[in-house]
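Structure at a glance
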Amino acid sequence: MAVTIDPIHQFELKSLVPLGHIGHQQLAFTQSALYMFAAVGVIALITIVATASRSIVPGRIQSLAEVFYEFIDDTVYQATGEGGRKFMPLVFSLFMFVLILNLFGMIPYAFAVTSHLIITFGLAALVISVVVGYGVYKHGAHFFGLFVPSGVPKVLLAILVPIEIISFISRPISLSVRLFANMLAGHIAMKIFAFFVVQLLLAGAWSVLSPLPLFLTIALTALEFLVAALQAYVFATLTAIYLNDALHPGH
Amino acid sequence: MNGDDARDGNGDAGKPPEGDLSARLRRLEAQIERKRPSAAPGTSSRPQDTGRTPLAQAMTLSTEFVAGVIAGGILGWIVDHVFGTKPWGLIVLLLLGCVAGFYNVLRASGFGGTRPQRRDGSDR
């Protein structure tokens, strides 16, 4: 009996409500959009509903929300200093959005929204446009001093400035590719290892080996939970670090 | 919850509530003040490092290099497209992208972090 495996199948977009076409591109309300709405709903539940009572001794969900809030506030403060406080809502929203979507992806049969590059790149583009926009608004042309390292001989600047510019352009790419690749690779790996269990069970005498990939799958699942939380954290931290460049560009 | 309330009530019962509250507030402020400066300048040596576990740092390293190369490649392709300088823009900028990738990795891993260090020292 041949069992075929298609580890990519889980990332397919399914349109739930078709909305029409732009050129040849179909527009639709997909399950991806549904999960994003659900994530926003869960975040609203955690942050708005749970803290509505504002009790001094917090309940379960309220203390959860407070832990997240203080954690992100601390991260932003450490990376950007006092001036970065105004960006705390942005970083907090990004962190919660990515975290909840990552964790949604861990529910069996659920769809991992953050395993789509366009989603993560959209978030990264938002971060970088805020950095550039605020940097130019606050510091004007001085913001581009970010690309000119101080204390370097003039001859080297001709090489270093293009490198700095490329390095800056690579930021949204690394920010988005990191999250996307981690989620994609993790989900594919889990699927393949889980499939090994089925394949070994069908392989006659070899089926005695089938607990091996089963344990691996369990370990991988635990690892994926770690990665899901860690990637959200990394996303938030790097956002804060990039915002620091907008707040204090060079010299 | 009830237990906590009861404990609070007991604590307030002993002393006058007003003074106790403001004393507690002052104590809290002192504690915050003690924590704040140590959190700010102490860790400001390099923003790249602050508030990040080594695990998170390791996770960021993997894509830094690739991102530099991709950025260089995209830039080179655009330059070729706009100025019609086919292969040269791509070749030069891809190489620069590799250098930028190494630069990214070095900066993220803490080596060659002279620029952020100096910047921070002068800023805060």
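Residues numbered from 1 in each chain as written. Chains lettered and ligands numbered in written order. Predicted model: local features only at pLDDT ≥ 70, side-chain atom pairs only at ≥ 80, totals over all residues.

Examining the overall build of chain A
Rules: Comment: elements are numbered from the N terminus, with helices defined as DSSP H or I runs of at least four residues and strands as E runs of at least two. Residues are called buried when their C-beta atom has 20 or more other C-beta atoms within 10 Å, exposed when it has 12 or fewer, and partly exposed otherwise; all C-beta atoms are positioned from the backbone.
For chain A, the count of helices and strands is 6 helices and 2 strands. What you see in chain A, going N to C, is helices and strands ordered as β-β-α-α-α-α-α-α. Projected onto its principal axes, the C-alpha positions of chain A cover 70 × 55 × 45 Å. Looking at the 251 residues of chain A, the share that counts as buried comes to 34%.

Focus: helix α4 (residues 117-139) of chain A
Under the convention used in this document: In this analysis, the expected span of each helix is defined as 1.5 Å times one less than the number of residues it contains.
Taking 1.5 Å as the rise per residue, α4(A) with 23 residues should run 33 Å; its terminal C-alpha atoms sit 32 Å apart, in good agreement. Immediately downstream of α4(A), the backbone of A:G140 shows phi near 65°, a positive value.

Remarks on the pairing of strand β2 (residues 25-30) of chain A
Residue and element names in this part refer to chain A. The criterion, for reference: Should DSSP find at least two bridges between two strands, the strands are taken to pair.
Bridge analysis of strand β1 (residues 15-22) against β2 gives 6 bridges, and the strand direction is antiparallel. Looking across to β2, one finds that I22 is bridged to Q25. Hairpin connection, β1 to β2: the antiparallel pair is bridged by 2 residues, and G23 has positive phi, about 60°.

Some details on the packing of helix α5 (residues 154-201) of chain A against helix α6 (residues 211-247) of chain A
Residues and elements named next belong to chain A. To keep things clear, this is the line we draw: An axis is simply a line fitted to the C-alpha atoms; with a helix, the fit covers only the stretch in contact. Between two such axes, the angle follows the N-to-C directions and lies from 0 to 180 degrees. Orientation is classified from the angle alone, with under 35 degrees giving roughly parallel, over 145 giving roughly antiparallel, 65 to 115 giving roughly perpendicular, and any other angle giving oblique. Following the grouping adopted for this structure description, the nonpolar residues are Ala, Val, Leu, Ile, Met, Phe, Trp, Tyr, Cys and Pro, the charged ones are Asp, Glu, Lys and Arg, and the polar ones are all others, Gly among them.
Two elements in contact, α5 and α6, have axes whose closest approach is 10 Å; the angle formed by their N-to-C orientations is 175°. As far as their axial angle goes, α6 and α5 are roughly antiparallel. Split into classes, the residues belonging to the contact of α5 with α6 amount to 18 nonpolar, 5 polar and 3 charged.

Thoughts on the nonpolar core
Going by this rule: In plain words, the nonpolar core is the set of buried Ala, Val, Leu, Ile, Met, Phe, Trp, Tyr and Cys residues that C-beta atoms within 7 Å link up. Note that contacts rest on C-beta atoms placed from the backbone: two residues are in contact if these are within 7 Å.
By size, the foremost hydrophobic cluster in this structure holds 60 residues, and its most contacted members are A:V91, A:F95, A:V98, A:F235 and A:A236. Broken down by secondary-structure element, the contributors of at least two residues to this core are α1 (31-49), α2 (60-80), α3 (88-105), α4, α5 and α6 of chain A together with α3 (54-83) and α4 (88-109) of chain B. Residue contacts for A:F235: discarding those within four places in its chain leaves A:L94, A:F95, A:V98, A:L175 and A:L179.

Thoughts on the environment of A:T217
Considering the arrangement of structural elements, one finds A:T217 in helix α6. When the C-alpha atoms of A:T217 and A:I192 are compared, they prove to be 8.9 Å apart, with 25 residues separating the residues in sequence.

As for the environment of A:V57
Residue and element names in this part refer to chain A. On the secondary structure map, V57 appears in the loop between α1 and α2. Residue classification places V57 among the exposed positions, given that 12 C-beta atoms sit within 10 Å. Separated by 161 residues in the primary sequence, V57 and I218 have C-alpha atoms spaced 37 Å apart.

Digging into the confidence of the model for chain B
All names here are of chain B. Counted only if it meets this: On a range of 0 to 100, pLDDT expresses the predictor's confidence in each residue.
Across chain B, the average pLDDT comes to 69, with 59% of residues at 70 or higher. When mean pLDDT is taken per element in chain B, α4 scores highest with 88 and helix α5 (residues 114-123) scores lowest with 41. The low-confidence segment residues 1-15, where pLDDT is below 50, has 5 contacts with residues more than four positions distant or belonging to other chains. In the model, residues 38-51 has pLDDT below 50 throughout and makes 32 contacts with residues more than four positions away in sequence or in other chains. Taken over the whole predicted complex, pTM reads 0.77, whereas the ipTM for its chain interfaces reads 0.73.

Focus: the packing of α4(A) against α5(A)
All names here are of chain A. Just so we agree on the cut-off: Take the far helix as your reference; a near helix turned counterclockwise from it by less than a right angle gives a left-handed crossing, and one turned clockwise gives a right-handed crossing.
Running from N to C, α4 and α5 point in directions that differ by 145°, and their axes come no closer than 8 Å. The element α4 and its partner α5 pack so that their crossing is right-handed. Of α5, the residues touching α4 (which contributes L117, T120, F121, A124, A125, V127 and I128) are R171, P172, L175, S176, L179 and F180. When grouped by side-chain class, the residues that make up the contact of α4 with α5 number 10 nonpolar, 2 polar and 1 charged.

Comments concerning α2(A)
Residue and element names in this part refer to chain A. Counted at 1.5 Å a residue, the expected span for α2 with its 21 residues is 30 Å, and the 30 Å between its end C-alpha atoms agrees. Considered for burial, the residues of α2 that qualify are A65, I72, T75, V76, Q78, A79 and T80. G81, located one to two residues past α2, shows a positive phi value of around 80°.

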